[in-house]
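Tertiary structure, described
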Amino acid sequence: MAGRFVRASKYRHVFGQTSKREQCYDNLRVSRNAWDTNLIKANPKYLAVNWEAGGGGAFAVIPLEERGKLPDQLPLFRGHTAVVLDTDWSPFDDSLIASASDDGKVFLWQVPEDFALRTEAEEIEDVAPIGKLSGHSRKVGHVLFNPAAENILASSSGDYTIKIWDLEDGKPKLTLKGNDIFTSLAWSANGSTLVTTSRDKKLRFWDVRQERPAYEGPGHGGAKNSRVAWLGEHDRVVTTGFSKMSERQLGLWDFRAPQEPLGGFTPLDSGSGVVMPFWDDGCQMLYLAGKGDGNIRYYEYAHDKFEYLSEYRSAQAQRGVAFLPKRGVNTHENEVVRAFKTVDDLYVEPISFIVPRRAETFQEDIYPPTISTKPAMTSAEWFQGKTAVPMKLSMADVYDGNAKPSLIAAADVPSPSTPSEPTPSPAKPAARPTPAEEPRSAPVRETPSVNSNKQSISAAADRFADRSEDAEGSTSSKKDDDDAEEWQTSSANRYAPTRQPQQSRQPEPAQQEREAPSSSPLKVTPAASINTSKLDAESAATPSEDKASPPTASAAAGGLRDVLHDIRSLLQGQGKQIEELTREVAALKAKVGE
């Protein structure tokens, strides 16, 4: 009976765990501005929330440990003369944040030391900016720090430009000119390339330091906004948007050949809210959260496909979503990702995505080294053309509670299977190696130390396998082909990775012994037609060869002698049975003769 095919993955059972209301960040006033941003941003220390404030623009910063109902009066980060549209935390300084506003300005802020919301002070003092960046002629809709270079900030504006700021002197050094308002932007891991989507439905890859697009082409065809995210250190980006029929869809693009999405656009559903993509580089997973939805879907990236895993479901819709950097998750609870979602513009709910395991030790396979807070280059080096990836930090040290986790060079970190490798077609089922295709050491019988036994043992195995060679051999080969075909066929269906595989028989014990790896002693099933005198002679000659053989060959020869002894014992027993049958036949002939 054919069973349901389930793709093997250690993240297949990841689930989202909600928080009780008292563990949320309650009594907030989330901005109701209609501009399309995520409204909230998070780092391992703080949560930034665009605030609904009168008399100008403001946002709130909430320490992550201060959960529950917050005071009615909070110290806000004030300074803009119009509503705050977007914020972004520095990847190298958890207390530095940039903000973008409808007033056309970009401000920089430093969270004060020992910053807290619940204080005994009679008067609440707001926080003032430490830097003001002026250069855009219209509202600034997005700000985004460079992930590799220190003090490099990108900002997009309604004046159809993106400015690259050097925070060392507060001046815009580079300007990227578009044809319409940018709706989303993302940096590559080394900070050299910027990818953008805009209202003119174009996808652009910018050679930032040359101030020109390296590629410009059509993106999603729908009228609503699209989003983009870079897949970590891969040469791939993912976009979410709408078709001309207003259906939500997903696209995976090759940075080196972005003329069209890999495999075409993949339809998601017919929802109306913009889909916000979030990439987890450690687990190679993509999370999709829709505005106006209560659900968050997540997928695993493999072989240039997104394999659907599961979905976090909630009846409470979200307008804003933020994801915590990997270094801020709770490794003791096997939490791989933590998300924050706004609920009714009144509170923010944390959601922990957990790998269900019972082990109480550090799970190295789900926590590879992650991006550290040490930049790969200075702003001056970046403007001079340097390209590098930041060092990684050890998640094992984070698990142990080390204040200063050890740093690992990016080149020393084992990278996941890169999408730059050719993706095999269905006609080549080697896309995902089957167990039969995995490299194995040479069989023991082929080692030089037992060459004299090779022909006799091979003949013994061949004689025994005469009856089942054709049937079982073809079954084993068919099984390997079926497994590879099932992986390819399942991968083609990205969002329903289950199918009914073809039924194939498991190899019988005799065949499994013939396919056993060389690490175990060679086993040959006895055959009644083996010449025992020849085996005795060869067994007697084996010890002299073992003296000059390496230890592994000696062990193999010892295993051969044991096997030969078993064969002789079996044949002797069969010989006795033959003698008894011969006597019975003779007795029957005598009776017939009478």
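- By the naming in an unreviewed UniProt entry, the protein goes by Coronin and is assigned to Dissoconium aciculare CBS 342.82.
- The heading Sequence similarities (unreviewed entry) in the UniProt record of the protein holds the text "Belongs to the WD repeat coronin family."

1. Things to note about the overall build of the protein
- Of regular secondary structure, the protein possesses seven helices and 35 strands.
- Taking all 594 residues of the protein together, the buried fraction comes to 49%.
- The long-range share in the protein, meaning contacts at least 24 apart out of those at least 6 apart in sequence, stands at 57%.
- In the structure as shown, the protein presents an accessible area of about 28,900 Å², 49% of it carried by carbon and sulfur atoms.

2. Notes on the sheet that holds strand β9 (residues 84-89)
- Strand order in the open sheet formed by four strands is β9-β10-β11-β12, with antiparallel pairing between adjacent strands. Whereas interior strands pair on both sides, the edge strands pair on one side only; in this sheet they are β9 and β12 (131-134). Along the sheet, successive strands turn relative to each other by an average axial angle of 20°, direction set aside.

3. Notes on the environment of Glu333
- For Glu333, the location among the structural elements is in the loop between β29 (321-323) and β30 (335-343).
- Note on Glu333: relative accessible area 49%, which makes it partly exposed.
- Taking the C-alpha atoms as reference points, Glu333 and Phe353, 20 residues apart in sequence, are found 9.9 Å from one another.

4. Focus on the environment of Leu346
- Inspection of the secondary structure assignment puts Leu346 in the loop between β30 and β31 (347-354).
- Along the chain, Leu346 and Val30 lie 316 residues apart, while their C-alpha atoms are 6.5 Å from each other.
- Excluding residues that lie within four positions of it along the chain, Leu346 makes contacts with Tyr25, Asp26, Asn27 and Leu28.

5. Digging into the side chain of Thr239
- One can find Thr239 in strand β22 (residues 236-242).
- By relative accessible area, Thr239 is classed as buried at 1%.
- A distance of 2.8 Å separates the side chain of Thr239 from the side chain of His220, its partner in a polar contact.
- Residues within four places of Thr239 in sequence aside, it is in contact with Thr197, Leu203, His220, Arg227, Val228, Gln249, Leu250, Gly251 and Trp253.

6. Topic: the pairing of strand β11 (residues 105-110)
- Where strand β10 (residues 96-101) lies against β11, five bridges are found, and the strand directions are antiparallel. Paired with Leu96 across the bridge in β11 is Gln110.
- Linking β10 back to β11 in an antiparallel pair, the connection comprises three residues, with Gly104 at a positive phi of about 85°.
- Taken together, the four bridges between β11 and β12 define a ladder with antiparallel strand orientation. Each bridged residue has a counterpart across the sheet, and for Phe107 the counterpart in β12 is Lys132.

7. Here's the deal with unusual backbone geometry
- Within the chain, Asn27 stands out as a residue other than glycine whose phi angle is a positive 70°.
- Assessed through its relative accessible area of 23%, Asn27 is described here as partly exposed.
- Phi at Asp345 is positive, roughly 60°, even though this residue is not glycine.
- Considering the arrangement of structural elements, one finds Asp345 in the loop between β30 and β31.
- Residue classification places Asp345 among the buried positions, given a relative accessible area of 12%.

8. A short note on the UniProt feature "repeat: WD" (unreviewed entry) in the protein
- Under the local residue numbering, the UniProt record ascribes the feature "repeat: WD" (unreviewed entry) to residues 77-119, 133-175 and 183-216.
- Along residues 183-216 one finds 0% helix and 65% strand; the C-alpha atoms at either end are 15 Å apart.

9. Let's talk about the sheet that holds strand β15 (residues 161-166)
- Taken in spatial order, the four strands of this open sheet run β13-β14-β15-β16, and their pairing is antiparallel. Taken across any chain shown, the strands that pair with only one partner, and hence form the sheet edges, are β13 (140-145) and β16 (171-177). This sheet shows a mean twist of 20° between the axes of neighbouring strands, independent of strand direction.
- Bridging between β13 and strand β14 (residues 152-157) involves five bridges; their strand directions are antiparallel.

10. Considerations on the pattern of salt bridges
- Summed over the entire model, instances satisfying the criterion amount to 25 salt bridges.
- Between Lys386 and Glu381 there is a salt bridge whose closest N-O contact spans 3.8 Å.
- Classification of Lys386 as partly exposed rests on a relative accessible area of 36%.
- Among the charged side chains, a salt-bridge network with shared partners connects Arg236, Asp254, Arg256 and Asp304.

11. A few points about the nonpolar core
- In this structure, Leu28, Leu47 and Phe340 are the most contacted members of the largest nonpolar core, which totals 34 residues.
- When contributions to this core are tallied by element, the ones reaching two or more residues are β4 (40-42), β5 (46-50), β6 (57-63), β9 and β11.
- Per element, the largest residue contribution to this core is five residues, and it comes from β6.
- Setting aside chain neighbours within four positions, we find Leu28 in contact with Val49, Trp51, Ile62, Leu70, Asp345, Leu346, Tyr347 and Val348.
- Counting residues in hydrophobic clusters, the runner-up holds 25 residues, among them Tyr312, Ala339, Ile351 and Tyr367.

12. Let's talk about the confidence of the model for the protein
- Overall, the prediction assigns the protein a mean pLDDT of 80, with 73% of residues at 70 or greater.
- Confidence drops under pLDDT 50 across residues 463-555; counting only partners more than four residues distant or on other chains, this segment forms 138 contacts.

Each value, and the rule that gives it
Residues numbered from 1 in each chain as written. Predicted model: local features only at pLDDT ≥ 70, side-chain atom pairs only at ≥ 80, totals over all residues. Heavy atoms only, no water. UniProt positions renumbered as here; feature names shortened; annotations may be inferred. Helix = DSSP H or I, 4+ residues; strand = E, 2+ residues; numbered from the N terminus. Buried < 20%, exposed > 50% of the residue type's maximum accessible area, 1.4 Å probe, protein only. Contact = heavy atoms within 4.5 Å. Areas by Shrake-Rupley, 256 points an atom, 1.4 Å probe, with all protein chains shown as cover. Pairing = 2+ DSSP bridges. Axes fitted to C-alpha atoms, helices over the stretch in contact; angles between N-to-C directions. Polar contact = N/O pair within 3.5 Å; in protein donor to acceptor, adjacent residues only side chain to side chain. Salt bridge = Lys/Arg side-chain N within 4 Å of Asp/Glu carboxyl O. Core = buried A, V, L, I, M, F, W, Y, C linked by side-chain atoms within 4.5 Å. pLDDT = per-residue confidence, 0-100.

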